[in-house]
Amino acid sequence: MAWHIIALQQLINGLALGSVYALIALGYTMVYGIIRLINFAHGDIYMLGAYFGFYAITMLKLPLVPAMIVSMAAAAVVGVLLERIAYKPLRNSSRIAVLITAIGASLLLQSTAQLVFGASFKPFPQAMAFRRIQLGPVFMTNRQLLIFGVAVLLMVILHVIVQYTKLGKAMRAVSMDKEAALLMGINVDRIISATFAIGSALAAAAGILVGMYYNRIDPYMGMMPGLKAFVAAVLGGIGVVPGAVLGGLLMGVAENMVVTLGSSTLRDAVAFAILIVVLLFRPNGLLGKKGIEKV
Amino acid sequence: MNKLTSLISGAILLFIYLLVQLLERQGILLAYHVQILSLCCINIILVVSLNLINGFTGQFSIGHAGFFAIGAYASAYLTVTWQVPFIFAIICGGILAGIAGLAVGLPALRLRGDYLAIATLGFGEIIRVIILNTDAVGGARGFSGIPKYTTFGLAYLTAIITVVVIRNFVNSDYGRACLAVREDEIAAESLGVNSTYFKVLAFTIGAFFAGAAGTLFSHYLQYMAPTPSQIGFVKSIDILIMLVLGGLGSITGSVIAAIVLTVIPELLRGFAEYRMIIYPILLILVMLYRPSGLLAGQEFSLASLAQLFKGAKAHGNHS
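Because the structure is a prediction, the values reported are computed rather than measured.

Our next topic: the overall build of chain A. Counting secondary structure elements, chain A contains eleven helices and four strands. Counting only C-alpha atoms and orienting by the principal axes, one finds that chain A spans roughly 60 × 45 × 35 Å. Relative to its 295 residues, chain A shows a buried fraction of 52%. Partitioning the contacts of chain A with sequence separation of at least 6, the portion at a separation of at least 24 is 76%.

So, in structure tokens, the structure goes:
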């Protein structure tokens, strides 16, 4: 195959993977935008979402779309509980204390999942038959199409919520200035919970899509994609919603390119190399606004 | 007073060492127990050196396992391929890790808080992936056939050296500057403290000792596997848990936490699967109720003990 066809093919694969990163990154960026917290446990919510979807399909015998909705709702509940129990009491503590708590929450979700669901991986039920869709010289699998389609749909819904609803307006207000928002009569606690709920639901959807894509889920599946999605959020500019989407897509493409060019074990290093470069040369991210440091 | 207490401390430390040796000779302590004690010493080195970076200088690093890995692998390569003397390998492992610390610290320490944490985590993972892809150190198969040079005595001695060096560093002018950077970087800068210099210095020293710990570790287990739990971020987070539970900015706390959290999992082997549930809950509870750790900023020393006995007559704070 000519190199440009390979590149095009990898671009398609990268966009499919990248849209998953983008979905997870959205949760990171929204939470960070509102309470300046890196929610380390976000990757584990994504893992839980995959398991919820798994049980919804196998035990409740639900078709894919209702299963996804059930899983998103359940993950949203977990996200809100996490925020209420672990993060809310620390809202006025040092950033380091909150960060350590987030790491603790992540470990807790992971090891609980391992205990409840078992440490070994589970094959994810296939809700649709595998098919290739030929697009000229390159192809796309129907699963990739599904991932891409669902991701875009959810992003559009999120965009509408953030830009055109009262909730979205309140979220933007809180992320700009929490005190001022409070003075304007916005229930800040409720907005923060809503942010966690939306972010967790998006992560759960990503979890199910990845479960279907790779055919397997396990209790540790959230760790790496979680970290990479965080890098994607930083790359796009953390706290900026379109930035997360851009960062996620770029990250997916970059990773696939590296796998094509070199070794597949290097793929995990790419994300962190990108992170370090971005932090050094453009710490506010590609779409981030320049902040002024105040004393 | 000062000379006397150091003499007494030295005598107590020597006594513990001789006691362990004696009990081992008598067959009361089995090889397994001595192994746990050696691991305690290695963990003390790791936690105390991370404390210098996180606790005293306030730079939140969660990539400590990266330096540990550099020390472990580099020194093992030296002893296996070139049969260098072990003492030399320990120092080389430490120096290489220190150089890596310098190389990472210079750019990364411009970042703050959350970003620094993620960057150091990323650095640690990059090191692991590089090791995974380096055939000379076994790649994904792991590095086996490392000679067993580490003895309890050596680990014990290194741990003592680490504690003494870092304690003296913290109590020196340099240490004061690090504390100033931790408390308020901008205020420290305006008083003429070159904050970047001290941050990088603390980072490099911490990395050096982590590398030395890695050397001791690889020459103890004789096998290194490039897994997250041995040299990746699971390891980093293990060290972090010990540090945080012991208390940021307390060397005593670090030492106690390193010992307790090395011994307890061994005692509770039967509950191994609950360990990783209990640890994070402890971590969250400590953050909720005592965010600076159990022994934050407090130190135990013979001098302060003597102070305690003198009671009301004492004045001034010696801790």
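After presenting the structure, the write-up continues.
A few words on the overall build of chain B. When its secondary structure is counted, chain B shows 14 helices and two strands. The C-alpha radius of gyration of chain B comes to 20 Å, within 12% of the 20 Å expected for a compact globule of 319 residues. With the C-alpha coordinates aligned to their principal axes, the bounding extent of chain B is approximately 60 × 55 × 40 Å. When burial is assessed residue by residue, chain B has 49% of its 319 residues classed as buried.

A separate point is the pairing of strand β2 (residues 132-135) of chain A. A regular strand places its side chains on the two faces of the sheet in alternate fashion. Residue and element names in this part refer to chain A. As paired elements, β2 and strand β3 (residues 138-141) share four bridges and run antiparallel to each other. Its bridge partner lying in β3, Leu135 is registered against Val138. Where β2 folds back on β3, the antiparallel hairpin that results is connected by two residues, among which Gly136 adopts a positive phi of roughly 65 degrees.

Listed by partner, the interface residues are 33 residues for chain A and 30 residues for chain B. Breaking the side of chain A that touches chain B down by element, the ones donating at least two residues are α4 (95-117) and α11 (267-281) of chain A. The element best represented in the side of chain A that touches chain B is α4(A), accounting for 14 residues. Considering only residue class, the side of chain A that touches chain B consists of 23 nonpolar, eight polar and two charged.

Residues and elements named next belong to chain A. In contact at an axis separation of 8 Å, helix α2 (residues 42-58) and helix α9 (residues 223-236) are set at 130 degrees when each is read in the N-to-C sense. As far as their axial angle goes, α9 and α2 are oblique. As α2 runs across α9, the sense of the crossing is right-handed. Facing His42, Gly43, Asp44 and Tyr46 of α2, the residues of α9 in contact are Met223, Pro225, Gly226 and Leu227. A per-class count over the contact of α2 with α9 returns four nonpolar, three polar and one charged.

This paragraph deals with the environment of Leu81(A). Assignment of secondary structure puts Leu81(A) in helix α3 (residues 64-87). Sequence separation of Leu81(A) and Met128(A) is 47 residues, and the distance between their C-alpha atoms is 33 Å.

Here we take up helix α7 (residues 173-183) of chain B. All names here are of chain B. Burial in α7 covers these residues: Ala177, Cys178, Val181 and Arg182. Each buried residue of α7 sits inside an arc of 145 degrees when the element is viewed along its axis, so together they form one side. Across α7 from its buried face, at more than 90 degrees, point the exposed residues Asp173 and Glu183.

This next bit is on helix α3 (residues 64-81) of chain B. Residue and element names in this part refer to chain B. Helix length check: α3, at 18 residues, gives a terminal C-alpha distance of 26 Å against a target of 26 Å (1.5 Å per residue), a fit within 8%. Across the 18 residues of α3, 16 count as buried, placing the element largely inside the fold. Of the residues one or two after α3, Gln83 is the one with positive phi, at around 45 degrees.

Position of Ile217(A) among the secondary structure elements: in strand β4 (residues 216-217). Leave out the neighbours within four places in its chain, and Ile217(A) touches Ala50(A), Tyr51(A), Phe54(A), Phe121(A), Lys122(A), Phe124(A) and Gly211(A).

Moving on: the confidence of the model for chain B. The predicted coordinates ought not to be read in detail in places where the model reports low pLDDT. A residue-level look at chain B finds 94% of positions with pLDDT of 70 or above and a mean pLDDT of 86. This prediction of the complex comes with two scores: 0.86 for pTM and 0.80 for ipTM.

Before going further, it helps to examine the environment of Leu154(B). Examined against the element boundaries, Leu154(B) turns out to sit in helix α6 (residues 152-171). The spacing of Leu154(B) and Ser38(B) is 116 residues in sequence and 8.8 Å in space, taken between C-alpha atoms.

Moving on: the packing of α3(B) against helix α11 (residues 233-246) of chain B. Residues and elements named next belong to chain B. It is the contact of α3 with α11, at a shortest axis distance of 7 Å, that shows an interaxial angle of 115 degrees. With respect to their mutual orientation, α3 and α11 come out roughly perpendicular. Like other packed secondary-structure pairs, α3 and α11 cross with a definite hand, here right-handed. Contacts between α3 and α11 involve His64, Ala65 and Phe68 from the first element and Phe233, Lys235, Ser236 and Ile239 from the second. In the contact of α3 with α11, the residues fall into four nonpolar, two polar and one charged.

Conventions used here
Residues numbered from 1 in each chain as written. Chains lettered and ligands numbered in written order. Predicted model: local features only at pLDDT ≥ 70, side-chain atom pairs only at ≥ 80, totals over all residues. Helix = DSSP H or I, 4+ residues; strand = E, 2+ residues; numbered from the N terminus. Buried ≥ 20, exposed ≤ 12 C-beta atoms within 10 Å, placed from the backbone. Contact = placed C-beta atoms within 7 Å. Rg over C-alpha atoms; globule rule 2.2 N^0.38 Å. Pairing = 2+ DSSP bridges. Nonpolar A, V, L, I, M, F, W, Y, C, P; charged D, E, K, R; others polar. Axes fitted to C-alpha atoms, helices over the stretch in contact; angles between N-to-C directions. Parallel < 35°, antiparallel > 145°, perpendicular 65-115°, else oblique. Left-handed = near helix turned anticlockwise from the far one by under 90°. Arc of directions from axis to C-beta. Expected span 1.5 Å × (residues − 1). pLDDT = per-residue confidence, 0-100.

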